[in-house]
Amino acid sequence: MSKRPKSGGFWSTPLTRSFIHSDTVKLLEMLMGYLIGPFGALLSSGIFASFLNKYFTDVLLLDTGFVSALQLVSTVLIVAANLIVGQLIERTRCLAGKARPWVLLSALTLSVASLLMFVVPFRNETAKMVWIAVAYNLYYSVAYPIYSTANATLIPVSTRNSQQRGALASFANIAALGAAGVGSMVFPILVSNVMGNSQRMWFLVMLAVALFSALTIFFQYKFTRERVTEEGASAADPRQNAAPPLGQQLRAVASEKWWWIAIIFYLVFQWAGVMKNGSMSYFCQWVIDATPLGGDWGVAQTLLSVMGAIPMALAALFVVPLANRFGKRGLCFAGMVLGVVGGVIAGLGGGSIVPVAIGVALKCLGSSPGCYLILAMLADVIDHIEFKSGIRTDGLTMSIYSSLAAAPVMNAVFMAMLGAAGYDATAAAQTAAVQATISISYIWVETIAFAVDALLVLFFTVEKNLPAEQAAIAERKKQE
């Protein structure tokens, strides 16, 4: 039975004690800690992925060049923040663990920061841009790295059971997809029929989102436990389990080929997905023929989102059992190939709603194994690195993982592409060049990315010897 680190003070109060006491992961922990909690926390991010660019250009009327430059420059701060947070997590030692205290902090920081971009008390253009630049970075360069890195770290430190980690990773990614689904399914109708270009309405909606996020993040903290962290807890000498130097961690991960495969797989997968999500509302408004749907682009976006969400939801029931039977590698490869087929169908469909919807459905179904299992794949690699080097690299790996999820990079690229093509938010219709740019961003970038990932994942064979390596780690800890 794992022993909890002994500590008093703030972390032993009824407010901060975990509700989870079982040594194995059970359904309540999965639901509250890895589904409902992350869903609320990531809800604002899911909305931003689909509509933050549109809010900037169509509601605040900000120049596309400024929006692109802001997001691109902020990427440097975001990457640095994720790396710093990863090391802070690695060096956190308390009764709550090393990642959960940062999850608790996020209940305040993430909810407040998500609201600031919708306040904008200035009319002056320069003052407005300064406010947005500060608010944007408070969210993406401070609050979001704290939560996303801590949230990702919870998977590898929750348990050593690979199948349970697969289930937790699946739940966590279902939460992220659910949050993105709200942004792409519910929000389009709200924006096109209720919120429009009213800054006041945007603020009121995002205020409700912020309050919901704070509550669910607190639930996530209360309904999780770090069993792997507790393995190394030492009441006699806390310094015994001090985090290894950053240089040692970097050497451990950089020398492992499977770590590089998983990271590059996720980078290609995530960045292409960000490009798709960021261009979706533009695609539905300016490219797709919404005549069969009454000409409402918001309804068109909701339809495409539903066509993507249904296969993703159904896949959630089968991904983990299939991965346990056939392995993560084989399942992810088959999924990427199916995604390529779907992308080609959607691309050849042009602006016709039927072939695009069919292609999107196939593409989303194919993406589900990679989406649901990436955190479990990284957790397996972290255990393998521990077997080889004797150190844990949860914080470093997950901080890099969170850095790769930085939406600003691809959003900046998309804004720059729109600006170069001549996008005009006030125009009644867009030029052929703008429509082609939007179509490439929404369909073809991700299709090509899936083909690349299909080749990469063929070389990911860490699962083969993992049970023996985990047994060796357990024996080593007993001897220590």
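Predicted, not measured: the structure shown is a model, and the values here were computed from it.

Per the counting criterion, the structure on display carries 26 aromatic pairs. Feature note: the residues Phe48, Tyr55, Phe56, Phe118, Tyr136, Tyr139, Tyr140, Tyr144 and Trp202 constitute an aromatic cluster, connected by ring pairs. Over the ring of Tyr221 we find Arg100, and its NZ or CZ is 4.2 Å from the ring centre. Between the NZ or CZ atom of Lys222 and the centre of the ring of Phe19, over which it lies, the distance is 4.3 Å.

The next point concerns empty space enclosed by the protein. What the rule picks out here adds up to two cavities of 30 Å³ or more. In this structure, the second largest cavity spans a volume of roughly 40 Å³. What lines the second largest cavity is Phe48, Ala49, Ser50, Phe51, Leu52, Asn53, Lys54, Gly278, Tyr282 and Asn411. Counting only elements with at least two residues in the lining of the second largest cavity, the list comes to α1 (27-59) and α9 (257-286).

What follows concerns the packing of helix α2 (residues 64-90) against helix α14 (residues 394-404). Packed helix pairs are specified by the crossing angle of their axes together with the interaxial distance, meaning the distance between the axes. One can describe the packing of α2 onto α14 by two numbers: an axis separation of 8 Å at closest approach and a directional angle of 160°. Comparing their axes, α14 and α2 come out roughly antiparallel. Considering the relative orientation of α2 and α14, their crossing is right-handed. On α14, the residues touching Ile78, Val79, Asn82, Leu83, Gly86, Gln87 and Glu90 of α2 are Asp394, Gly395, Leu396, Ser399, Ile400, Ser402 and Ser403. Residues that form the contact of α2 with α14 fall into these classes: five nonpolar, seven polar and two charged.

Looking now at the confidence of the model for the protein chain. Residues with a pLDDT of 70 or more make up 95% of the protein chain, whose mean pLDDT is 86. Low pLDDT (under 50) marks residues 1-7, which in the prediction has 19 contacts with non-local residues, meaning those over four places away or in another chain. Across residues 234-240, where pLDDT falls below 50, the model places three contacts with residues more than four positions away in sequence or in other chains.

What counts and what doesn't
Residues numbered from 1 in each chain as written. Predicted model: local features only at pLDDT ≥ 70, side-chain atom pairs only at ≥ 80, totals over all residues. Heavy atoms only, no water. Phe/Tyr/Trp six-rings, centres within 6.5 Å; stacked < 30°, edge-to-face > 60°. Lys NZ or Arg CZ within 6 Å of the ring centre and 35° of its normal. 1 Å grid on protein atoms, 1.4 Å probe; cavity = no way out; pocket = protein on both sides within 12 Å on 5 of 7 lines; lining within 4 Å. Points joined across faces, edges and corners; volume = space filled by probe spheres on them. Helix = DSSP H or I, 4+ residues; strand = E, 2+ residues; numbered from the N terminus. Axes fitted to C-alpha atoms, helices over the stretch in contact; angles between N-to-C directions. Parallel < 35°, antiparallel > 145°, perpendicular 65-115°, else oblique. Left-handed = near helix turned anticlockwise from the far one by under 90°. Contact = heavy atoms within 4.5 Å. Nonpolar A, V, L, I, M, F, W, Y, C, P; charged D, E, K, R; others polar. pLDDT = per-residue confidence, 0-100.

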